[in-house]
Amino acid sequence: MSTDSTPLNWFRHAAPYINDLRGSTLIIAVPGKGLEHENIRNLVHDLALLISLGIRLVVVFGARVQINRALKQQGIHSQLQHNNRVTNRTTLDVVKAAIGKLRFEIEATFSQGLPDSPMARSALKVVSGNFVTALPMGIIDGVDMHWAGKVRRMEVDAIQRALEQNSLVLLPPLGTSLTGELFNLNYLELAAAAARTLRAEKLILFRDSPRLLIGDTSISEMSIAQARQLTDSIESASLNCAVTACNPITQRIHLLSYKEDGALLQELLRREGVGTMVYRDNYETARGAQITDVGAILGLIRPLEKRGLLVRRSREKLEAEINYFTLIEFDGTPIACAALYPIQGEQGPPVAGEIACMAIHPDFRGKGRAATLLQHLEKQARTQGLTALYVLTTQAEHWFIEHGFKQVNVQQLPAERQSLYNIQRNSRVLRKTLPCSGEVKT
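Student: So what's going on with the nonpolar core? Residues and values would help.
Tutor: The biggest cluster of nonpolar side chains holds 44 residues, and the ones touching the most others in it are Ile28, Leu47, Leu57, Leu168, Phe206 and Leu264. With residues up to four places along the chain from it excluded, the contact list for Leu168 reads Leu47, Ile51, Leu57, Val59, Phe110, Leu124, Lys125, Val126 and Val127. Formed by 43 residues, the second largest nonpolar core is a distinct cluster that contains Ile27, Ile159, Val169 and Leu198.

Student: Lay out the layout of surface pockets in plain terms, naming residues and giving numbers.
Tutor: Taken as a whole, the largest pocket holds about 1100 Å³ of empty space. When residues of the lining of the largest pocket are traced back to their parent elements, those giving at least two are strand 21 (333-343), strand 22 (352-360), helix 13 (369-383), strand 23 (388-393), helix 14 (397-402) and helix 15 (415-418). Ranked by residue count, the leading element in the lining of the largest pocket is strand 22, at seven residues. Counted by class, the lining of the largest pocket contains 23 nonpolar, seven polar and 11 charged residues. Roughly 870 Å³ of internal volume is contained in the second largest pocket. For the second largest pocket, the lining is made up of 36 residues, of which Tyr17, Leu268, Arg270, Arg271 and Asp331 are closest to its centre. If you list the elements that add at least two residues to the lining of the second largest pocket, you get helix 1 (6-21), strand 17 (252-257) and helix 10 (263-269). With seven residues, helix 1 is the single largest residue contributor to the lining of the second largest pocket. Among the residues forming the lining of the second largest pocket, the class breakdown is 13 nonpolar, 10 polar and 13 charged.

Student: Describe in detail the pairing of strand 2 (residues 56-61), supporting the description with residues and values.
Tutor: Of all six residues in strand 2, six are buried; the element is thus mostly enclosed. Of the pairings in the sheet, the one linking strand 1 (residues 25-30) to strand 2 comprises six bridges and is parallel in character. Bridged to Val30 within strand 2 is Phe61. Examined bridge by bridge, strand 2 and strand 10 (residues 167-171) share three bridges and lie parallel to one another. From the neighbouring strand, Val60 faces strand 10, where its bridge partner is Leu171.

Student: I'd like a rundown of helix 13, residues and numbers included.
Tutor: Between its terminal C-alpha atoms helix 13 stretches 21 Å, which fits the 21 Å expected from 15 residues at 1.5 Å a residue. Among the residues making up helix 13, those that are buried are Arg369, Ala370, Leu373, Leu374, Leu377, Glu378 and Ala381.

Student: I'd like a rundown of the environment of Thr433, residues and numbers included.
Tutor: Inspection of the secondary structure assignment puts Thr433 in strand 25 (residues 428-433). The exposure class assigned to Thr433 is exposed, which follows from its relative accessible area of 54%. Sequence spacing of Thr433 and Leu205 is 228 residues, and the spatial spacing of their C-alpha atoms is 49 Å. If we ignore the near neighbours within four places in the chain, the residues touching Thr433 are Thr387 and Ala388. One polar contact links Thr433 to Arg431, side chain to side chain, over a distance of 2.9 Å.

Student: Give me empty space enclosed by the protein: which residues, what numbers.
Tutor: This model, assessed by the stated rule, comprises one cavity of 30 Å³ or more. Quantified by volume, the largest cavity comes out at close to 50 Å³. Forming the boundary of the largest cavity are Asn39, Asn42, Leu43, Asp46, Phe206, Ser257, Tyr258, Glu260, Asp261, Gly262, Ala263 and Leu264. If you list the elements that add at least two residues to the lining of the largest cavity, you get helix 3 (40-52) and helix 10. Among the elements that make up the lining of the largest cavity, the one with the highest residue count is helix 3 (three residues). A class-by-class count of the residues in the lining of the largest cavity yields five nonpolar, four polar and three charged.

Student: Please provide a residue-by-residue account of the packing of helix 8 (residues 224-231) against helix 9 (residues 237-245), values included.
Tutor: Relative orientation of the contacting elements helix 8 and helix 9 amounts to 140°, with a least axis distance of 10 Å. Relative to helix 9, the element helix 8 lies oblique. Read as a crossing pair, helix 8 and helix 9 show a hand that is left-handed. Judged by residue contacts, Ile224, Ala227, Arg228, Leu230 and Thr231 of helix 8 engage Leu239, Asn240, Ala242 and Val243 from helix 9. Of the residues belonging to the contact of helix 8 with helix 9, the class tally is six nonpolar, two polar and one charged.

Student: I'd like a rundown of the pairing of strand 21, residues and numbers included.
Tutor: The buried fraction of strand 21 amounts to 10 of the 11 residues, a majority that puts the element mostly inside the structure. In this sheet, strand 21 lies alongside strand 20 (residues 325-330) in antiparallel orientation, the contact comprising six bridges. Along strand 21, the bridge assignment pairs Phe330 with Thr333. Counting the residues in the hairpin turn of strand 20 and strand 21 gives two residues, including Asp331, whose phi is positive at 55°.

Student: Please give an account of the pattern of salt bridges that cites residues and values.
Tutor: Counted according to the given criterion, the structure contains 14 salt bridges. Across the pair Lys101 and Glu105 runs a salt bridge whose closest N-O atoms are separated by 2.5 Å. With Lys101 and Glu105 both in helix 5 (residues 89-112) and four residues apart, this pair spans about one turn of that helix. Judged by relative accessible area, Lys101 falls into the exposed class, the value being 53%. Of the charged contacts, one joins Glu305 and Arg302 as a salt bridge, the two residues approaching to 2.4 Å between their closest N and O atoms. Residue Glu305 and its partner Arg302 are located together in helix 11 (residues 294-306), separated by three residues, close to a single helical turn. A relative accessible area of 9% places Glu305 in the buried class.

Thresholds applied
- Residues numbered from 1 in each chain as written.
- Predicted model: local features only at pLDDT ≥ 70, side-chain atom pairs only at ≥ 80, totals over all residues.
- Heavy atoms only, no water.
- Core = buried A, V, L, I, M, F, W, Y, C linked by side-chain atoms within 4.5 Å.
- Buried < 20%, exposed > 50% of the residue type's maximum accessible area, 1.4 Å probe, protein only.
- Contact = heavy atoms within 4.5 Å.
- 1 Å grid on protein atoms, 1.4 Å probe; cavity = no way out; pocket = protein on both sides within 12 Å on 5 of 7 lines; lining within 4 Å.
- Points joined across faces, edges and corners; volume = space filled by probe spheres on them.
- Helix = DSSP H or I, 4+ residues; strand = E, 2+ residues; numbered from the N terminus.
- Nonpolar A, V, L, I, M, F, W, Y, C, P; charged D, E, K, R; others polar.
- Pairing = 2+ DSSP bridges.
- Expected span 1.5 Å × (residues − 1).
- Polar contact = N/O pair within 3.5 Å; in protein donor to acceptor, adjacent residues only side chain to side chain.
- Axes fitted to C-alpha atoms, helices over the stretch in contact; angles between N-to-C directions.
- Parallel < 35°, antiparallel > 145°, perpendicular 65-115°, else oblique.
- Left-handed = near helix turned anticlockwise from the far one by under 90°.
- Salt bridge = Lys/Arg side-chain N within 4 Å of Asp/Glu carboxyl O.

So, in structure tokens, the structure goes:
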């Protein structure tokens, strides 16, 4: 019997991400425009699925387009100051009505959207309330913001209790004051505050466009430092929010398009997502391999061994030589590996090394990772006092030449390595002379 294994393989590959996310708290921010898009029904299904997997969700929503429409219908002029609405008493009445109506519509969508969906037998509860205490923004650049507010505190215990009961917590962009007044909140600022206060692992910001574009370049990920630099040159409310929200706890902020079906699941449950991620720590790192990495290394090199590009190594040999290996990790998953073997000199310590077993996961090739890996190996070699690197290759000769290697004869290999040369493989021998530590530019 033949079956399409693609969905099955996708689910298997998603398993580690599901395991990592189970029990974590995610803040989901959806603009008012996104709530009116036809894809909102699919997003509701995906949110219900994530909750069924043990992921705690807090949804923050905006209502700008709905408020603008209501204000226009009533002939009321409204002013924005630094992307926040100047909210006088008349405007506040319209804001309350628009947000209140939208809140009940969202709750109804979760109630009626599930029976005829893949989550038909799920019992998803939506909990909302006066979870946010606000204070007035005051006067900004000489403009009185009136009842436009900012978050003062949140009822963390009440929200956590709701999340522990597998409820979805819904936060409208309104906050009450200690004096009983109601304030209009910027939903992105509310989402950032929720991420910090609730110590969320991730913040998901839905927007009109998919990935950020810098010129014609689509950006899949960037560090918080890069994001800060970009905020000076491009106008993006979601990127500004990401910079504000990124902290030692919430280290991942994802920018996704609400128009794209399945964007949330693809971003969270795949190695490479479909949006732009802003990260705080070093999202991609190189490190020395450990004995627990043997399985991951085998997964990287076995396909190349079957094609004859690498010499086959047994698990036992890898375990014995694991200290020679370096890995590149992408969000905690090894995606590239290589080994640096010291070549013993005729007398004294090793003076040369051999680079071997270089492998890059197919999904991550062509993006400079091999060059990054080579740089780390060269740095290791200089630290060990090695003055030359050798590599034996059957098909990657030109790549190594582009990175400073030169072809040499087999007879120019150090004696120890020359005796192990496999004549049947007929590998090209390449050599690169390393500068001494005093010649390395910093």
